[in-house]
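# Understanding the architecture of this molecule
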Amino acid sequence: MSQDDTFNADVTTRNNPELHRYEVLVGDKLAGFAQYRLTPGRVDFVHTEVAQEFSGQGLAGVLAHFAIDDVVAAGQRVVPHCPFIAAYLRKHHANDQFIDWP
């Protein structure tokens, strides 16, 4: 099992469309986010960040996995301008056909 597939009952993910970002929370505390820009049919990821107190726990991978799956499930394409999202996609190929590399 890879680290980004590890389940923790205190970790939740969500899309926050008002702020144009996907978020990962530990309990009720925001642990990180993946900022995006919307264009017709595409979600352009521009920045991913995890708070220092939560670093090293695999939360960025959990967040990337959720965000990419959510975009694909909505019938949209992923544009990985964010270096972390791009690196994640180079290691995980399940959604290759839905990626528009910049």
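Summarised in this report is the structure supplied together with it. No experiment lies behind these values; they were computed from the predicted model shown.

All right, on to unusual backbone geometry then. Located in the positive-phi region is H20, a residue other than glycine, with phi close to 55°. When you line up the elements, H20 lands in the loop between β1 (11-16) and β2 (21-26).

What follows is about the packing of aromatic side chains. Inspection of the entire model under this criterion finds 4 aromatic pairs. Arranged with centres 5.4 Å apart and planes meeting at 50°, the rings of Y22 and Y36 form a pair that is tilted. With Y22 in strand β2 and Y36 in strand β3 (residues 29-39), this residue pair connects regions lying 14 residues apart in the sequence. Given the relative accessible area of 3%, Y22 is considered buried. Y36 gets classed as buried once you look at its relative accessible area, which sits at 6%. A centroid spacing of 5.8 Å and a plane angle of 75° characterise the contact between Y22 and F66, whose relative ring orientation is edge-to-face. Note that Y22 is positioned in strand β2 and F66 in helix α1 (residues 59-73), a separation of 44 residues in sequence. A residue is classified by how much of its surface remains accessible, and F66, at 27% relative accessible area, is partly exposed.

Conventions we followed
- Residue numbering note: each chain is counted from 1, following its sequence as written.
- Side-chain atom pairs in this predicted model are given and counted only at pLDDT of 80 or more, local residue features only at pLDDT of at least 70, and totals for whole chains, interfaces and linings cover all residues.
- Heavy atoms throughout the structure, all of them, feed into the side-chain values; hydrogens and water do not.
- Put simply, DSSP H or I for four residues or longer makes a helix, DSSP E for two residues or longer makes a strand, and each gets a number counted from the N terminus.
- Each aromatic pair joins two rings of Phe, Tyr and Trp (for Trp, the six-membered one) with centres within 6.5 Å, and gets the label stacked for planes under 30 degrees apart, edge-to-face for over 60, and tilted for any other angle.
- Burial status follows relative accessibility: with a 1.4 Å probe on protein chains alone, a residue under 20% of its type maximum counts as buried, one over 50% as exposed, and anything between as partly exposed.

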